[in-house]
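Letter by letter, the chains look like this.
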Amino acid sequence: MQQFEQKTALITGASSGIGLATAQALLAQGARRVYITGRDQAKLAAAQAQLGERAIALVADSSDIASLAALHGEIVQRGDRLDFLFANAGIAFYNEFGDTTPATFDRLFDTNVKGVFFTVQTLLPLINDGGAIVLNASIAANLGMPNLSLYNASKAAVRSFARSWASDLKPRRIRVNAVSPGMTRTPILENGLGLDEAKLEGVTQMLGETAPAGRMGETGEIAAAVLFLASPASSYVNGVELVVDGGYSQV
Ligand SMILES: NC(=O)c1ccc[n+]([C@@H]2O[C@H](COP(=O)([O-])OP(=O)(O)OC[C@H]3O[C@@H](n4cnc5c(N)ncnc54)[C@H](OP(=O)(O)O)[C@@H]3O)[C@@H](O)[C@H]2O)c1
């Protein structure tokens, strides 16, 4: 028997990168149905085609409360409940401290912090007692990096949510954990952080010299950690941050 047989999951921001790889992994482990979201209909349709008919792609903007309510409605309409929620949708960009506008602040926090908070709160009534929630934080949550104060602070908030919600959801036996990936090869590196091939080469070289693993992460490696946190194998793991970074931030 595959470990996610009969299980229904929702992954926000799964039209590419870590979310898409996690959807693939859940389906490969027998998941009955995996809902995936994103803002871009065309990207989502391509992801759905790749994942097959047990995936259901729904356009939903995590930063928009009405859109999250509509997402809740779509799942109810299909008569589904959720065993697992992966609040993964996130954006990244640099901000220069001293020259950051309130609009820039809101743009990042609306998706990465408010979006995660209201994604989980909105969908909570659909999550079965005994289910699991994983939040995608980042090793950035515990690091200081130049021109990344907004992104890093947003991920510190996400990591913190996992601690508080693990207690809040005790009565329903829903475990809440955070996964903190290190540098992982996904579109966010180019689309969000503007890392072109030359800059990526520089990052790869830096990791080669400083990280125990000596390389960037692959999406499947993050997905494997998320599946562990979603599965009964982690039944006594709650409120933690599971760092998956090849050791970069740990040595
Ligand atoms: N890659 C890394 O090195 C790394 C490291 C640590 C943590 N992370 C975290 O991992 C998560 C996934 O990122 P990724 O690296 O896999 O990058 P990605 O490939 O760009 O994936 C981001 C996903 O989120 C969706 N998204 C963005 N804003 C959204 C919103 N407001 N509502 C709904 N969906 C939204 C994107 O689709 P649309 O643009 O179509 O909405 C896309 O599907 C993020 O939270 C990121 O911060 C990444």
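Figured I'd write up the structure that's included with this text. These figures come from a predicted structure and were not determined experimentally. (Residues numbered from 1 in each chain as written. Predicted model: local features only at pLDDT ≥ 70, side-chain atom pairs only at ≥ 80, totals over all residues. Heavy atoms only, no water.)

Spatially, E3-E2-E1-E4-E5-E6-E7 is the arrangement adopted by the seven strands of the open sheet, whose pairing is parallel. Every interior strand has two partners, whereas the edge strands, strand E3 (55–59) and strand E7 (241–244), have only one. Each strand of the sheet is rotated relative to its neighbour by a mean of 20 degrees, with strand direction disregarded. Bridging between strand E1 (residues 8–11) and strand E2 (residues 33–38) involves four bridges; their strand directions are parallel. Across the sheet, the residue bridging to Ala 9 is Val 34, located in E2. Helix H2 (residues 41–51) contacts E2 and E3 of the sheet and is inclined by roughly 175 degrees relative to E3. (Pairing = 2+ DSSP bridges. Helix = DSSP H or I, 4+ residues; strand = E, 2+ residues; numbered from the N terminus. Axes fitted to C-alpha atoms, helices over the stretch in contact; angles between N-to-C directions. Contact = heavy atoms within 4.5 Å.)

Quick look at the side chain of Asn 136 now. Structurally, the position occupied by Asn 136 is in strand E5 (residues 127–136). We classify Asn 136 as buried; its relative accessible area is 6%. Not counting residues within four places of it along the chain, the set of residues in contact with Asn 136 comprises Ile 18, Phe 86, Ala 87, Asn 88, Lys 155, Val 158, Val 179 and Pro 181. (Buried < 20%, exposed > 50% of the residue type's maximum accessible area, 1.4 Å probe, protein only.)

Turning our eyes to something else, we now look at unusual backbone geometry. Here Gln 6, not a glycine, exhibits a phi torsion of approximately 70 degrees, which is positive. Residue position: Gln 6 is located in the segment before E1. Although it is not a glycine, Arg 173 adopts a positive phi angle of roughly 55 degrees. Relative to the helices and strands, Arg 173 is located in the loop between helix H5 (149–168) and strand E6 (175–181). For Arg 173, a relative accessible area of 57% translates into the label exposed.

Below, the discussion takes up the site of the ligand. Residues in close proximity to the ligand total 32 residues, the closest being Ser 15, Ser 16, Arg 39, Tyr 151 and Thr 186. Within the side chain of Thr 186, one N or O atom sits 2.6 Å away from an oxygen atom of the ligand. Looking at the shell around the ligand, the elements that each hand over two or more residues are helix H1 (17–28), H5 and helix H6 (187–191). The leading source of residues in the shell around the ligand is H6, at three residues. Tallied by class, residues from the shell around the ligand come to twelve nonpolar, 15 polar and five charged. (Near = heavy atom within 4 Å. Polar contact = N/O pair within 3.5 Å; in protein donor to acceptor, adjacent residues only side chain to side chain. Nonpolar A, V, L, I, M, F, W, Y, C, P; charged D, E, K, R; others polar.)

We now examine the nonpolar core. Ranked by size, the top nonpolar core spans 47 residues in total, and within it Leu 10, Leu 71, Ile 75, Ile 133 and Leu 135 carry the most contacts. If you list the elements that add at least two residues to this core, you get E3, helix H3 (65–77), strand E4 (82–87), helix H4 (102–123), E5, H5, E6 and helix H7 (197–210). The greatest single-element share of this core, amounting to seven residues, is contributed by H5. Dropping the residues within four chain positions of it, Ile 75 is found in contact with Leu 10, Tyr 35, Asp 80, Leu 82, Leu 123 and Leu 126. Counting 31 residues, the second largest nonpolar core, distinct from the first, contains Ala 47, Phe 86, Leu 227 and Val 244. (Core = buried A, V, L, I, M, F, W, Y, C linked by side-chain atoms within 4.5 Å.)

Let's shift gears to the layout of surface pockets. Put simply, the second largest pocket is a space of about 200 Å³. Lining the second largest pocket are 15 residues, with Lys 7, Asp 83, Gly 130, Gly 131 and Ala 230 positioned closest to its centre. Among the secondary structure elements, those contributing two or more residues to the lining of the second largest pocket are E4 and E5. The greatest single-element share of the lining of the second largest pocket, amounting to five residues, is contributed by E5. (1 Å grid on protein atoms, 1.4 Å probe; cavity = no way out; pocket = protein on both sides within 12 Å on 5 of 7 lines; lining within 4 Å. Points joined across faces, edges and corners; volume = space filled by probe spheres on them.)

Any empty space left between the atoms is revealed when a probe the size of a water molecule rolls over them. Under the defined criterion, the tally for this structure stands at one cavity of 30 Å³ or more. Its volume calculated, the largest cavity comes out at about 30 Å³. Taken together, Thr 12, Ser 62, Ala 87, Asn 88, Ala 89, Thr 111, Gly 115, Val 116 and Thr 119 make up the full set of residues lining the largest cavity. Here the lining of the largest cavity takes four residues from H4, the largest share from any one element. Residue composition of the lining of the largest cavity, by class: three nonpolar, six polar and no charged.

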